[in-house]
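So the chains spell out like this:
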Amino acid sequence: MDLETKFSRLEEQSVKEDGTFSGYASKFHLVDLGGDITLPGAFKKSLAVRRPKMLWGHDPDQPIGVWSVVEEDSVGLRVEGKLLLKTAKGLEVHAMMLASVVDGLSIGYLTRKSETRGGNRELIEVDLFEISVVTFPMLEAATIDAVKSINDVILASKSSGDFAPLKRAVEGALRDAGFPAWLAKAQAALAPQALGDGPRDASASEIAKLIKEKFSFL
């Protein structure tokens, strides 16, 4: 089962010494980096039958705590939880959160109902499975912004059929964003595949989004 994910920044002051923290795992009416807008009520059916798990980085083998509150309010999906400080991973994540090394939440879900309006996808109903504590740069800085910054290279590769400059540009952007060399190289290799799957007259921004969707770490 391939879940979709979405990032939300965690407020630094919400993290307490005993491992408790709170924040919003998703906010309503805002256009996110993938062009999606989550509408009020999107989580209600799912929350009525399931409380999501708390994971580290969307890894089902790394539960790190429990969510005590997961509910919709006027702002979005509000959560309160507690890290399990008696576990090595829970203690490690807590230390990173207190130091602001880790400052994000990301939901793992399946879209059940959506509509497209004005080029954006509105999420009307989603099936929420987990809410992860995540590292901020993985989503916003290292993928969308980095790929969009090489739009000229993308357009040149589409017209020439030479993908080598594209792969070098994507790899360089990911390494600049903090990815290890092996991971940046592996993900850059996916760029031509994404480019080839797109329509020949697609705009650079559309291709950038397509490449982002192909990256396995999202």
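Conventions and cut-offs
Residues numbered from 1 in each chain as written. Predicted model: local features only at pLDDT ≥ 70, side-chain atom pairs only at ≥ 80, totals over all residues. Heavy atoms only, no water. Helix = DSSP H or I, 4+ residues; strand = E, 2+ residues; numbered from the N terminus. Buried < 20%, exposed > 50% of the residue type's maximum accessible area, 1.4 Å probe, protein only. Contact = heavy atoms within 4.5 Å. Areas by Shrake-Rupley, 256 points an atom, 1.4 Å probe, with all protein chains shown as cover. Phe/Tyr/Trp six-rings, centres within 6.5 Å; stacked < 30°, edge-to-face > 60°. Lys NZ or Arg CZ within 6 Å of the ring centre and 35° of its normal. pLDDT = per-residue confidence, 0-100. Salt bridge = Lys/Arg side-chain N within 4 Å of Asp/Glu carboxyl O. Core = buried A, V, L, I, M, F, W, Y, C linked by side-chain atoms within 4.5 Å.

Some points on the overall build of the protein
Then, number 1: When you go through the protein residue by residue, the secondary structure sums to eight helices and eight strands.
Then, number 2: The burial tally for the protein puts 44% of its 218 residues in the buried class.
Then, number 3: A fraction of 65% describes how many contacts in the protein between residues 6 or more apart in sequence connect residues 24 or more apart.
Then, number 4: Summed over all atoms, the accessible surface of the protein reaches about 11,100 Å², with 52% contributed by carbon and sulfur.

Some details on the packing of aromatic side chains
Then, number 1: Applying the stated criterion to the full structure yields one aromatic pair.
Then, number 2: Considering the side-chain rings of Phe21 and Trp67, the 5.4 Å spacing of their centres and the 70° angle between planes classify their relative orientation as edge-to-face. Placement of the pair is Phe21 in strand β2 (residues 20-27) and Trp67 in strand β5 (residues 59-72), with a sequence separation of 46 residues.
Then, number 3: Of note, Arg50 hangs over the ring of Phe129, and the distance from its end group to the ring centre comes to 4.3 Å.

A short note on the confidence of the model for the protein
Then, number 1: Model confidence for the protein is summarised by a mean pLDDT of 76, while 64% of its residues fall at 70 or above.
Then, number 2: When mean pLDDT is compared element by element in the protein, helix α1 (residues 44-49) scores highest at 97, while helix α3 (residues 140-148) scores lowest at 35.
Then, number 3: Below a pLDDT of 50 lies the segment residues 197-204, which in the model reaches eleven contacts outside its immediate sequence neighbourhood of four places, other chains included.
Then, number 4: Note on residues 214-218: pLDDT under 50 across the span, and 21 contacts to partners over four residues away in sequence or across chains.

Looking at the pattern of salt bridges
Then, number 1: Tallied over the entire structure, the rule returns nine salt bridges.
Then, number 2: With a shortest N-O distance of 2.7 Å, Asp36 and Arg121 are connected by a salt bridge. Here Asp36, found in strand β3 (residues 36-38), pairs with Arg121, found in strand β8 (residues 120-134); they are 85 residues apart in sequence, far enough to count as distant.
Then, number 3: The buried category is assigned to Asp36, whose relative accessible area is 7%.
Then, number 4: Taking relative accessible area as the criterion, Arg121 reaches 22% and is therefore assigned partly exposed.
Then, number 5: Note that Glu80 and Arg78 form a salt bridge whose closest N and O atoms lie 2.5 Å from each other.

Some remarks on the nonpolar core
Then, number 1: Phe21, Met97, Leu105, Ile131 and Val133 are the most contacted members of the largest nonpolar core, which totals 27 residues.
Then, number 2: Residue assignment for this core shows that the elements contributing at least two residues are β2, β4 (53-56), β5, β6 (76-83), α2 (88-98), β7 (104-117) and β8.
Then, number 3: With five residues, β8 is the largest single contributor of residues to this core.
Then, number 4: Apart from residues lying up to four places away in sequence, Met97 is in contact with Leu10, Val15, Phe21, Leu83, Val102 and Val133.

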